Amino acid sequence: MQVALQILLTALQIGAIYVLFSLGLTLIFGVMRVVNFAHGQFFTLAALLVAVLDPWLATKGFDGPLAYLVSVLAGIAASVALGAVVYRFGFRRFQRDLTGSFILSVGLVLLCEGAFLDLFGGAVRVVPPIVRGDVQLIGVTIAAQRLVLAGVAIAATAVLYWILATTRFGKAMRAVAIDHEAALLQGIPCERIAFQGFLIATTLGAIAGAIIAPISAVTPVLGADYLVKGFIAVIIGGLGSVPGAILGSLFIALIESAGGFFFDPSIANMAIFVLVMIVLMVRPKGLLGHG
Amino acid sequence: MSYLQRSIERGPLAFGLCALMVCVSPAVANETIKLGLSVPLSGAAANWGKGGEWLCKQAAQEIAKGGGVKVAGKVYDFECVAYDNKYNAADGTKVAQTLLTRDNVKFIGGSLGTAPVRALQSMSERDGVLLFTTAWGKAIKGPKFPLTFTQMNTVYEISKPLLGFVKQSNPNVKTVALLNPNDATGQDVEAADRANWEALGVKVVSSDWYERGTTEFQPIAAKIAALRPDAVDLGAAPPPDAGFVFKELKALSWNGVKVITVGSGAEGVLATGQDAADGTYMGAAMTFDSPATSAKQKSLNDGVKTATGESVNAIQIGFYDSVYALKAAMEKAQSVEPKQVAAALPTVTFDGFYGKSAFGGVAMYGSPQQILVPVIVSQLKGGKLAELQRIAPDEMKGR
């Protein structure tokens, strides 16, 4: 029982970050019908800026949580600005063009990785802990910091879900995702919705990067691992499906957690790839995909 | 006045000007020997590569200032050229092609990572290029590879004395869990560590693998903690990864003996592991506050710290020693041909980072291709690295 709880809690903590990351991917696919392989770069930029700014602000007299908060805001702002530039001069011209957007996003990955490497260097950066100590939760010990950060990730996911489900903007976004032409005929400004959707997706990626920074070794290639896992999550859940992205992410996190516990991390990684193959054979559009 | 007359009258003047130009022009520049480096310059092991590159350049500068490498009436300087192999075979192959085919280097001053080095070696031996490597696989050395030389202590030199020391200091250790990166480097370390732990009467309760670039160590830490081993040996894990594993283990209330067999960067372990890394034994790290530390070692350590933010470690030091080894061998062979230099290398001694050093290791590898430098057993204590024991290789005694 103790082992099962440990695995479950570990899966929830890891999964919370995967959910944020994959929601961004699926949102972009939903409103623009493009697969953005450069999504990991927004995540990486935010993490890198937090890793650079947080220790710097600490030396300037900011206390721990405040330094982290300021650096998180700066990281998210920079990522969103990068997202706006990338959309304006790139993705806007390749909406509903899978081939063109694929080439564009792969090119962006190479460009950003090279630029980040030059700007930030290749060495690992470490963010000082925001919250210290461990907590006991239903008999399982967890680092308090992980718990807080997982809570933030879950809250961000809940806010997004609420926006999509209840607000006028969210409904417009869903309409564009379901049927672009019908949405146009209804007078929904699809171009503007696509831009705003892209920025929201970028923000989600940036939040995930900023959250992961204090519990991870931050390097310019940090996003690569999350891109693969996030992509697999949306494939399993169904490209464009928000509940699918959440389900896929939690599923992957559970396999990673259980596989790492009962076998080892390498086998857990292999199991994830085997799983995606099986899902694609049985349900080519993913578990909740219908597009 | 005819053109011929003018030429005759101005001839001596032109000759004088030319002679003056020759006299005042700088001395003829030394010839340059490029030393290629295949190292990780990004990712968790980036600091190893950056520090290695800095040390190679530093040794090259020192040699140039000291008058260069004097071979058959010519003077040569070294130039270090580094490319990022990202610690994997695919990028290692790209770097190998760039160095050997495009840059046409004849000497590899240092290479890091067994997988990328294997990719490089497959070309270097065939093309007659002399290769220095920090990779320690037994499979890459021996009479079949006459141009390959290992520039640092490998797990085969480190593991036995380190683990023996750990067991002696912690006689209650009866079980150990091993965790290594899932690549050629990790596999070599795992095999040597497993054999040495078992020889010491310690049971290996688990041996797991993870992919380099892994960002989440919580699941494997949960597995290891559940096994409750007396010791955890992270073998070839890069310092930041090792720190994270120890941090996760501490959060799960595990508190046993911590070992990183070929652990090299104390700062990297401390940065991610913080107080959870306290007490960790390391076999390839160096401390610089001991009275035995020379001024030269301190100065080189300061240089690497400025370049990478971390103290110099055994992996990086090999990049400094190889340059001096090459100088000594080239001057002994009076040749810059890689095959002749390789033949001379095992016969020379040179003044490296640790002092007088040489190449040997016939008994272990079948040919003298292993650098002979001391094994330093160290431990993290109160956020600092402390040297516990320094073991000089027996083979150096007669050199």
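Cut-offs and rules
- The numbering scheme is per chain: residues are counted from 1 as the chain's sequence reads.
- The naming scheme follows written order: chains are lettered A onward, ligands numbered 1 onward.
- In keeping with the predicted nature of the model, local features appear solely for residues at pLDDT of at least 70, side-chain atom pairs appear and are counted solely at 80 or more, and the whole-chain, interface and lining totals rest on all residues.
- Only DSSP runs of H or I reaching four residues or more are called helices, and only runs of E reaching two or more are called strands; each is numbered from the N terminus.
- As defined in this context, the radius of gyration uses C-alpha atoms, and a globule is described by 2.2 Å times the residue total to the power 0.38.
- Exposure criterion: with C-beta atoms placed from backbone coordinates, a residue whose C-beta has 20 or more other C-beta atoms within 10 Å is buried, one with 12 or fewer is exposed, and one in between is partly exposed.
- Whether two residues are in contact is decided by their C-beta atoms, placed from the backbone, lying within 7 Å.
- In this count, Pro and Cys sit with the nonpolar residues alongside Ala, Val, Leu, Ile, Met, Phe, Trp and Tyr, while Asp, Glu, Lys and Arg are called charged and the others, Gly among them, polar.
- Here the limits of each domain have been adopted from an automatic or database domain assignment.

**Student:** Please set out the overall build of chain A residue by residue, giving values where relevant.
**Tutor:** Scanning chain A from N- to C-terminus turns up eleven helices and two strands. Along its sequence from the N terminus, chain A presents helices and strands in the succession α-α-α-α-β-β-α-α-α-α-α-α-α. Compactness check: chain A gives a C-alpha radius of gyration of 19 Å against a globular reference of 19 Å for 291 residues, within 12% of the reference. Across its three principal axes, chain A shows a C-alpha extent of roughly 55 × 45 × 35 Å. Put simply, chain A has 291 residues, and 51% of those count as buried.

**Student:** Quick one: what's the story with unusual backbone geometry, residue by residue and with numbers?
**Tutor:** All names here are of chain B. One non-glycine residue, N104, adopts positive backbone phi at about 60°. Its place among the elements puts N104 in the loop between α3 (89–102) and β4 (107–111). Of note, the phi angle at R228 is positive, near 50°, even though the residue is not glycine.

**Student:** Lay out the interface of chain B and chain A with the relevant residues and their values.
**Tutor:** Contacts between the two partners involve 32 residues from chain B and, on the opposite side, 31 residues from chain A. Mapped by element, the contributors of at least two residues to the side of chain B that touches chain A are α2 (46–65), β8 (203–210), α7 (218–227), α8 (239–251) and α9 (266–273) of chain B. The element that contributes the greatest number of residues to the side of chain B that touches chain A is α7(B), accounting for six residues. Considered class by class, the residues forming the side of chain B that touches chain A number 14 nonpolar, 13 polar and five charged.

**Student:** Tell me about the domain arrangement of chain B, and name the residues and values.
**Tutor:** Reports of interface size often rely on the accessible area that becomes lost once the parts have come together. All names here are of chain B. Taken domain by domain, chain B comprises domain 1 (31–153 + 293–373) and domain 2 (156–282). The C-alpha centroid of domain 2 is placed 28 Å from the C-alpha centroid of domain 1. Between domain 1 and domain 2, the contact holds 20 residues from the first and 17 residues from the second. Among the secondary structure elements, those contributing two or more residues to the side of domain 1 that touches domain 2 are α4 (114–127) and α11 (314–333). Per-element tally for the side of domain 1 that touches domain 2: the top contributor is α4, with three residues. Classifying every residue of the side of domain 1 that touches domain 2 gives nine nonpolar, eight polar and three charged.

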